[in-house]
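Here is how the chains run, residue by residue.
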Amino acid sequence: MSKAKLEYIWLDGYKPTANLRSKTKIEEDFSGKLEDCPIWSFDGSSTKQAEGGSSDCLLKPVAIYPDPTRRNGYLVMTEVLNADGTPHESNARATIDDNDNDFWFGFEQEYFIMDKNTQLPLGFPVGGYPGPQGMYYCSVGGRNTHGRSFVEEHADLCIDAGLNFEGINQEVASGQWEFQLFAKGAKKAGDEIWIARYLLDRLTEKYGYYIEYHPKPIKGDWNGSGMHANFSNSVLRTCGSKEIYETICEAFRPVTKEHISVYGEFNDQRLTGEHETQSINEFSYGVSDRGASIRIPIITVENGWKGWLEDRRPASNGDPYKIAARIVKTVKTADVEAMLA
C-alpha cells in the first residue's frame, strides 16, 4: 500500500491581487489521475473567502501534475467553490468561455528575484544602484547576471512537472527574469502559469529569496515587469486577412478600461508610454510595435496574416485566468463572420 502526497493549490480572496495557497492531502494507492482527486475543503474565513460562522469552501481539482520535489507527490490545481458547489466569486477560471479550447495562449511571465535580507533585487547594492540598464538583458557573466542557478533550477522543475515550458531569459533590469509558457486552451494556460508561479515561489524558500511580481518595483529609469499575453483562435490562425486582424484589434479599443481593470494592480506605474509600453490611457496596435497596446508579430504578417496577436498590457502580477477570460470575451465580439464568408 503506497501513500501519495497531493498538494492542493488555490487562489485566495485577497483583492485586487490574489495569493497562492496550498495544503497537502495524503491519499492511499492514488492512481495519479485527475478524476481520482477528491473534492476537498478549507477554512475560507482565513483566506478572505468566507465568514467565520460559515467558513467552509470547496476545492475542485481541475489539473494535475507530478511534483518534481516530493516522493509520490502531485501538484493539484483547483477551483474554489461555495459550499453549495457553485463557483466562488474569487474563481476567475470559471468565467473563461473557452470550453472547446479554441483559444491558445502563450504567457511571458516577468518577475524580480529579491534578496530576503536586503529587500532588494539581486545585483542591487545596499544604499545604491547597480549600473544602468543596457547590459543585463540576456547577459552572461557574473558582473551582469544574477540568479542564474535559481532560474535554471526553476526551469528544470517546470519541465519535470510536465508544464509546456518554452524558455527563460534575463530581462532588462538587474535581477529581473522571464519565463514563457504555452498551452492550447485558455484554462490550461492559466493553470500552467499558476503552477509555474507556485514552483517559483516555493523554490525561494530554499534560496532565501522572494519573488516580486509588482509591475514597477524599482522606480526611475528601470523597466517594469509585465506578462505579455500571446493569443490566437482558429480565425487568427487561419484567416489570412489583414482586414480581419484589424477588425479584431479594433474590438479591443472600446473596452480598454475593462481590460486594464483585470490586467494587474499598480499597472499605471508601468504603462507610461516609456520602456516599451503604451500609455495606460491610450490604445494602439501595430506590426512589430513593442510600444503598442497590441503587437501584431512580424511572423504573423510574413505568414500571410495567419498567426497570433500579443497583448502587451497585462502586468506581471495579473491573474492569467482573468486576463484570458477578458481577451476571449473581446475577440468573440469582433464581427468577422461576413468577412470570413
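Computed from a predicted model, the values in this text were never measured in an experiment.

Caption draft 1: Molecular detail of the pairing of strand 5 (residues 73–81). The buried fraction of strand 5 amounts to eight of the nine residues, a majority that puts the element mostly inside the structure. In this structure, strand 1 (residues 3–11) lies alongside strand 5, joined through five bridges in parallel fashion. For Tyr8, the partnering residue across the bridge sits in strand 5 and is Val76. Strand direction decides the pairing type here: strand 4 (residues 56–66) and strand 5, joined by eight bridges, are antiparallel.

Caption draft 2: Examining the UniProt feature "domain: GS beta-grasp" (unreviewed entry) in the chain more closely. In the numbering adopted here, UniProt assigns the feature "domain: GS beta-grasp" (unreviewed entry) to residues 4–85. Across residues 4–85 one finds 0% helix and 50% strand; the C-alpha atoms that close the span lie 26 Å apart.

Caption draft 3: Spotlight on helix 2 (residues 186–207). Spanning 22 residues, helix 2 covers 32 Å between terminal C-alpha atoms, matching the ideal 32 Å at 1.5 Å per step. Phi turns positive one or two residues past the end of helix 2, at Gly208, with a value near 80°.

Caption draft 4: Fine view of the environment of Val255. Within the secondary structure, Val255 sits in the loop between helix 4 (242–252) and helix 5 (256–260). Its relative accessible area of 16% is what places Val255 among the buried residues. Residues Val255 and Ala315 lie 60 residues apart in sequence; the distance between their C-alpha atoms is 17 Å. Setting aside residues up to four positions removed in sequence, Val255 forms contacts with Arg326 and Thr330.

Caption draft 5: Summary view of the UniProt feature "domain: GS catalytic" (unreviewed entry) in the chain. The residues that UniProt annotates with the feature "domain: GS catalytic" (unreviewed entry) are residues 87–341. Secondary structure within residues 87–341 divides into 31% helix and 19% strand; the distance between the first and last C-alpha atoms comes to 38 Å.

Caption draft 6: The arrangement of the environment of Ala189 in detail. Here Ala189 is to be found in helix 2. We classify Ala189 as buried; its relative accessible area is 4%. Along the backbone, Ala189 and Gly106 are 83 residues apart, and their C-alpha atoms lie at a distance of 7.3 Å. Look past the residues within four positions of Ala189 in its chain and what remains in contact with it is Phe105, Phe107 and Ala183.

Caption draft 7: Just the nonpolar core, in detail. Grouped together as the largest cluster of nonpolar side chains are 70 residues, with contacts concentrated most on Met77, Phe105, Tyr111, Ile113, Ile248, Leu309 and Ile327. Setting aside anything within four residues of it in sequence, one finds Phe105 in contact with Leu181, Phe182, Ala183, Ala186, Ala189, Asn230, Phe231, Ala324, Ile327 and Val328.

Caption draft 8: Geometry of the side chain of Asn317. Mapped onto the elements, Asn317 comes out in the loop between strand 14 (309–311) and helix 7 (320–333). Note on Asn317: relative accessible area 11%, which makes it buried. Within the structure, Asn317 has its side chain in polar contact with the backbone oxygen of Glu265 (distance 3.0 Å). Dropping the residues within four chain positions of it, Asn317 is found in contact with Thr17, Arg197, Tyr213, Pro215, Gly264 and Glu265.

Caption draft 9: A look at a nonpolar patch on the surface. A contiguous nonpolar surface patch, about 240 Å² in accessible area, is contributed by Val287, Ile298 and Ile299. As for its position among the elements, Ile299 is in helix 6 (residues 298–302).

Caption draft 10: The arrangement of the packing of aromatic side chains in detail. Under the defined criterion, the tally for this structure stands at 16 aromatic pairs. Seen in terms of ring centroids, Tyr207 and Tyr209 are 5.6 Å apart; in terms of plane orientation they differ by 25°. Their pairing is stacked. What makes Tyr209 buried here is its relative accessible area of 19%. Plain terms: the ring middles of Phe283 and Tyr285 are 6.3 Å apart, the flat faces sit at 55° to each other, and that makes the pair tilted. One aromatic cluster in this structure is built from Phe105, Phe107, Phe231 and Phe252. Lys23 extends its terminal NZ or CZ atom over the ring of Trp40, reaching a point 4.1 Å from the ring centre. Above the plane of the ring of Tyr213 lies Arg197, whose end atom (NZ or CZ) is 5.2 Å from the centre.

Caption draft 11: Looking closely at the pattern of salt bridges. Summed over the entire model, instances satisfying the criterion amount to 15 salt bridges. Salt-bridge contacts for Asp191 lead to Arg93; the nearest nitrogen and oxygen are separated by 2.9 Å. Residue Asp191 is located in helix 2, and its partner Arg93 is located in the loop between strand 5 and strand 6 (104–115); the two are separated by 98 residues in the primary sequence. We classify Arg93 as buried; its relative accessible area is 10%. Between Lys332 and Asp97 there is a salt bridge, with the nearest N and O atoms lying 3.2 Å from each other. You can see Lys332 sitting in helix 7 and its partner Asp97 sitting in the loop between strand 5 and strand 6, a full 235 residues away along the chain. Judged by relative accessible area, Asp97 falls into the partly exposed class, the value being 44%. Each of the salt bridges in this network shares a partner with another, and the network as a whole consists of Glu79, Arg93 and Asp191.

Caption draft 12: Just the packing of helix 4 against helix 7, in detail. Relative orientation of the contacting elements helix 4 and helix 7 amounts to 125°, with a least axis distance of 8 Å. As the angle between them shows, helix 4 and helix 7 are arranged oblique. The two elements helix 4 and helix 7 meet at a crossing, and its hand is right-handed. Where helix 4 abuts helix 7, its residues Ile248, Ala251 and Phe252 lie against Ile327, Thr330, Val331 and Thr333.

Scoring rules and cut-offs
Residues numbered from 1 in each chain as written. Predicted model: local features only at pLDDT ≥ 70, side-chain atom pairs only at ≥ 80, totals over all residues. Heavy atoms only, no water. Buried < 20%, exposed > 50% of the residue type's maximum accessible area, 1.4 Å probe, protein only. Helix = DSSP H or I, 4+ residues; strand = E, 2+ residues; numbered from the N terminus. Pairing = 2+ DSSP bridges. UniProt positions renumbered as here; feature names shortened; annotations may be inferred. Expected span 1.5 Å × (residues − 1). Contact = heavy atoms within 4.5 Å. Core = buried A, V, L, I, M, F, W, Y, C linked by side-chain atoms within 4.5 Å. Polar contact = N/O pair within 3.5 Å; in protein donor to acceptor, adjacent residues only side chain to side chain. Patch = residues over 30% accessible without salt bridge, like charges linked within 9 Å, V, L, I, M, F, W, Y side chains within 5 Å. Areas by Shrake-Rupley, 256 points an atom, 1.4 Å probe, with all protein chains shown as cover. Salt bridge = Lys/Arg side-chain N within 4 Å of Asp/Glu carboxyl O. Phe/Tyr/Trp six-rings, centres within 6.5 Å; stacked < 30°, edge-to-face > 60°. Lys NZ or Arg CZ within 6 Å of the ring centre and 35° of its normal. Axes fitted to C-alpha atoms, helices over the stretch in contact; angles between N-to-C directions. Parallel < 35°, antiparallel > 145°, perpendicular 65-115°, else oblique. Left-handed = near helix turned anticlockwise from the far one by under 90°.

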